[in-house]
Amino acid sequence: MIRKCLFPAAGYGTRFLPATKAMPKEMLPILTKPLIQYGIEEALQAGMQNVAIVTGRGKRAIEDHFDTNYELEHLIDGTSKEAYLQEIRYLIEHCTFSYTRQIEMRGLGHAILTGEVLIGDEPFGVILADDLCSSDPDGVMRQMVKIYEKYRCSIVAIERVAPEETHKYGVIAGDEIEEGVFRVTDMIEKPSPEEAPSNLAIIGRYILTPDIFTILEKTPAGSGGEIQITDALLQQAKEGNVIAYEFKGDRYDCGSIDGFVAATNAFYQLQKSGE
Ligand code: UTP
């Protein structure tokens, strides 16, 4: 059973400036819910009740969102508007939240290492909230837990992307051991189409075994001076300990304007059709 899920949420979100100047990117809403709330719902559905969030400067709104606002609760108590708070109240009741701060933004690998204090010595999920996933009935993290239960090693979620898109992702090479499941043999961070070993791109969902922390401690800064999670995962992959899983469902890169608009439209249509 994996109980903990880590949310690295310390990045600057520069692609969404000026919206992200004073507001965390993870609080951008798709319809009425912030991105990170969707992520936490996905984690909880996968059985991960312990939510660990790596924050940074200017991210206080995240902590406030997962807390009670007495004044507001009092104001709408007993009115029809209470229904709007039903989902967030459910999360607050069923999850525990812990936070730590990344002091210097030294990349995703460094953010995950910063989260070690909240995770300890057990396997854990990682969700990048700006990659918004939708799938029914099982969310992507729940699908990945099933894969973890079978292979008992680190799992990365992958998606097929167009060759001209590989430079935005970590890209894997691997042997397909069952349909949509690959044992990873190599991975390259942000390769050009010529360098890319495949078109199988890693998206913002991981299950990691805790030895990743020791590896991250020794991982030098890679491209852009950042500590890359891909470099650390490659160490595990060399031992045959990384599985890539082609998830079922849709993913929207809500850290980009195109993905954000696409997600908004798709979720709006979904909501309309359910009314
Ligand atoms: P991104 O690559 O999307 O970076 O990070 P970013 O800073 O959030 O956004 P842009 O590119 O400037 O627009 C991927 C994930 O890793 C987290 C981010 O919060 C995001 O969830 N991250 C990244 C950290 O927590 N710390 C870092 O040092 C870097």
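The model shown is predicted, which means the values in this text are computed figures rather than measured ones.

Q: Any details on the site of the ligand? Residues and values, ideally.
A: Surrounding the ligand, one finds 17 residues, the nearest of these being Thr14, Arg15, Lys25, Gln102 and Gly107. A distance of 2.5 Å is found between an oxygen atom of the ligand and a side-chain nitrogen or oxygen belonging to Thr14. For the ligand, whose accessible area on its own is 570 Å², the fraction buried by protein is 81%. Residues belonging to the shell around the ligand are distributed by class as follows: seven nonpolar, five polar and five charged.

Q: Before we move on, could you go through the environment of Ala83 and cite the residues and values that matter?
A: Among the secondary structure elements, Ala83 is positioned in the loop between α3 (70-76) and α4 (86-94). Along the chain, Ala83 and Phe182 lie 99 residues apart, while their C-alpha atoms are 43 Å from each other.

Q: Give me the packing of helix α1 (residues 35-45) against α4: which residues, what numbers.
A: Close contact between α1 and α4 brings their axes to 11 Å; oriented N to C, the two are set at 50°. As the angle between them shows, α1 and α4 are arranged oblique. Judged by the sense of rotation from one axis to the other, the crossing of α1 with α4 is left-handed. Two secondary-structure elements touch here, α1 through Gln37, Ile40, Glu41 and Leu44 and α4 through Glu87, Ile88, Tyr90, Leu91 and His94. Considering only residue class, the contact of α1 with α4 consists of five nonpolar, two polar and two charged.

Q: Can you tell me about the pattern of salt bridges, naming the residues and giving the values?
A: Enumeration over the complete set of coordinates arrives at 18 salt bridges. Here Lys4 and Glu122 are joined by a salt bridge, their closest N and O atoms 3.4 Å apart. Taken together, the positions of Lys4 in strand β1 (residues 4-8) and Glu122 in the loop between α6 (116-119) and β6 (124-127) put the pair 118 residues apart, joining distant regions of the chain. In this structure Glu122 comes out as buried when scored by relative accessible area, which is 16%. Asp138 is paired through a salt bridge with Arg142; the nearest N and O atoms lie 3.4 Å apart. The exposure class of Arg142 is partly exposed, given its relative accessible area of 33%. Through salt bridges with shared partners, one network takes in Arg3, Lys4 and Glu122.

About the criteria used
- Residues numbered from 1 in each chain as written.
- Predicted model: local features only at pLDDT ≥ 70, side-chain atom pairs only at ≥ 80, totals over all residues.
- Heavy atoms only, no water.
- Near = heavy atom within 4 Å.
- Polar contact = N/O pair within 3.5 Å; in protein donor to acceptor, adjacent residues only side chain to side chain.
- Areas by Shrake-Rupley, 256 points an atom, 1.4 Å probe, with all protein chains shown as cover.
- Nonpolar A, V, L, I, M, F, W, Y, C, P; charged D, E, K, R; others polar.
- Helix = DSSP H or I, 4+ residues; strand = E, 2+ residues; numbered from the N terminus.
- Axes fitted to C-alpha atoms, helices over the stretch in contact; angles between N-to-C directions.
- Parallel < 35°, antiparallel > 145°, perpendicular 65-115°, else oblique.
- Left-handed = near helix turned anticlockwise from the far one by under 90°.
- Contact = heavy atoms within 4.5 Å.
- Salt bridge = Lys/Arg side-chain N within 4 Å of Asp/Glu carboxyl O.
- Buried < 20%, exposed > 50% of the residue type's maximum accessible area, 1.4 Å probe, protein only.

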